[in-house]
Amino acid sequence: MSEKLFIFDTTLRDGEQVPGCQLNTVEKIEVARALEALGVDIIEAGFPVSSPGDFNSVREISKAVSLPTICALTRAVKKDIDVAADALSLAKHKRIHTGIGVSTYHIYDKLKSNPEEILERAVEAVKYAKKYVEDVEFYAEDAGRADNEYLARVVEAVIKAGATVVNIPDTTGYCLPIDYGAKIKYLMDNVRGIENAIISTHCHNDLGMATANTLAGIMNGARQAEVTINGIGERAGNTSLEEVVMTLRCHKTINVDTDINSKLLISTSRMVSNLMNMPVQANKAIVGRNAFAHSSGIHQDGVLKNRENYEIIDPKDVGVDESVIALTARSGRAALSYRLGMLGFNLEGKELDEVYEKFLRLADQKKDVRDDDLLYLVGDTAVEKIPSKIKLKYLQILSGTLVPTATVILKMGDNERMATGTGNGPVDAAVTAIKTLINEKFLISEFLIQAMNKGSDDVGRVHVQMRQGERYAHGFSANTDVVRASVEAVIDALNKLNVTEKINK
């Protein structure tokens, strides 16, 4: 059985220190609930003494979630600890995270102090926090650049004073993995009483080694990792939660695992990205949009034959429905045939060769080739290929109100059916109305709106990918009214799924 690694998520504290990424209390509660569902063990909710907003956020998060431990950051200052204890008063499980700098840079330049005084202040802070809570974590700031012998003295002293967790931060992202791992091992071998506390990693990504350093720490005895969603954080960011979790799942020989529900990684990543207005880079490991995308013909052919040829993680394990076979000038016949098959075109031999030649000429002119381009290439359109048995006769939207509402009339032959639906937006309301007229369930797995030119009166082109069981269909439409175009694209996909006979009568 694998040993447990505790996941300490600091998205709402260290992650929120990114300029322009601040959240209000309502948004922080939304993230905290997502982290609880994800399965994190500890949520660092804020630095209460820093502002009334941070204090209120810690208090409200303490009320909103019940499973994780709620942690509040402080300096080794009594007032900080008093305020943190007050902010945590309603938490079911509470932790105070206090600490002080231990490198020569921090001791002499930042704190204008000396090693012995810093040691005393560290012990005093832990003892003071212990009066409020049983669970006290001590951070040895800039431990990555600290002398190991002195660091061991500090760690031993704070554990003796009652610290239950000791955090060994690589605050500046300076360490090499071999050095950070050796530092953790030195502490495990030389600190008396270290078995009475959990050693934690907290690595920054200034040199791009935060995840590697964290794993080196884990492999040498650390059993808590301090991480953020998408690796966001001060300067170049923190260790990425999703990278640590999935590395441990891939490398089972490390014999350490977490309680994280990895199928929620993508949805949580996107929530944090949207709320913080911080896009995830396309090539970001695990959660980037290209993490499971293949454009090289050689790779595409290999993936289509056996996913494991080029993927070490099953996309479904992190919340992605399937790998993406991106059509570009580097794609081969196998990828083109696969995508055409998804659209209902099973081309072989000379017929496929002819379309492939057209495809290559088009791909040289465009960055990527989409499904509507493929319909054009095969000399067909969705309307010509499949008769539109379901047609949109009437659409009325009431938006800008408290609850967006849509009324839809669908026509099939001589029959007309009307339904009204509500949703979190006009398109969602219209789709809800359509679903009441369709007995068979369907899921919109991709939704894209593109402007065809420029200006507020521009035509919007809408592409939807719809899933019904194991079947997929793509719908397209274009209109200056993007809501109408969206509804028409959904109906286009329904026609391709041949759900006509499923309409209630």
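Note that this is a predicted model, so its numbers are computed, not measured.

**Comments concerning the packing of aromatic side chains**
- For the coordinates displayed, the defined rule picks out two aromatic pairs.
- Ring geometry for Tyr-128 against Tyr-132: centres 6.0 Å apart, planes inclined by 80°, an arrangement best described as edge-to-face.
- Using a relative accessible area of 41% as the deciding quantity, one classes Tyr-132 as partly exposed.
- The positively charged end of Arg-145 is found above the aromatic ring belonging to Tyr-105, 4.0 Å away from the centroid.
- Its guanidinium or amino end placed over the ring of Phe-442, Lys-435 lies 5.4 Å from that ring's centre, counting from NZ or CZ.

**Focus on the layout of surface pockets**
- Its boundaries defined by the atoms lining it, the largest pocket holds a volume of some 1,600 Å³.
- Taken together, 40 residues line the largest pocket, and the ones lying closest to its centre are Arg-270, Arg-289, Val-324, Ser-445 and Glu-446.
- Elements with a contribution of two residues or more to the lining of the largest pocket: helix H10 (265–275), strand S11 (293–294), strand S12 (324–325), helix H12 (333–342), strand S16 (443–451) and strand S17 (460–468).
- Residues belonging to the lining of the largest pocket are distributed by class as follows: 16 nonpolar, 14 polar and ten charged.

**Notes on H10**
- Regarding H10, the residues found buried are Leu-265, Ile-266, Thr-268, Ser-269, Val-272, Ser-273 and Leu-275.
- Buried-residue contacts for H10 involve helix H1 (25–38) and helix H9 (241–250).
- One or two residues past the end of H10 sits Asn-277, with phi positive at roughly 50°.

**Examining the pairing of strand S6 (residues 136–141)**
- The buried fraction of S6 is high, at six of six residues.
- Residues Val-136, Phe-138 and Ala-140 point to one face of S6 and Glu-137, Tyr-139 and Glu-141 to the other, with burial holding for every one of them.
- Across six bridges, the pairing between strand S5 (residues 94–101) and S6 is parallel. Looking across to S6, one finds that Gly-101 is bridged to Glu-141.
- Pairing of S6 with strand S7 (residues 165–170) involves three bridges; the strand directions are parallel. Directly across from Glu-137, in S7, lies its bridge partner Val-165.

How each quantity is defined
Residues numbered from 1 in each chain as written. Predicted model: local features only at pLDDT ≥ 70, side-chain atom pairs only at ≥ 80, totals over all residues. Heavy atoms only, no water. Phe/Tyr/Trp six-rings, centres within 6.5 Å; stacked < 30°, edge-to-face > 60°. Buried < 20%, exposed > 50% of the residue type's maximum accessible area, 1.4 Å probe, protein only. Lys NZ or Arg CZ within 6 Å of the ring centre and 35° of its normal. 1 Å grid on protein atoms, 1.4 Å probe; cavity = no way out; pocket = protein on both sides within 12 Å on 5 of 7 lines; lining within 4 Å. Points joined across faces, edges and corners; volume = space filled by probe spheres on them. Helix = DSSP H or I, 4+ residues; strand = E, 2+ residues; numbered from the N terminus. Nonpolar A, V, L, I, M, F, W, Y, C, P; charged D, E, K, R; others polar. Contact = heavy atoms within 4.5 Å. Pairing = 2+ DSSP bridges.

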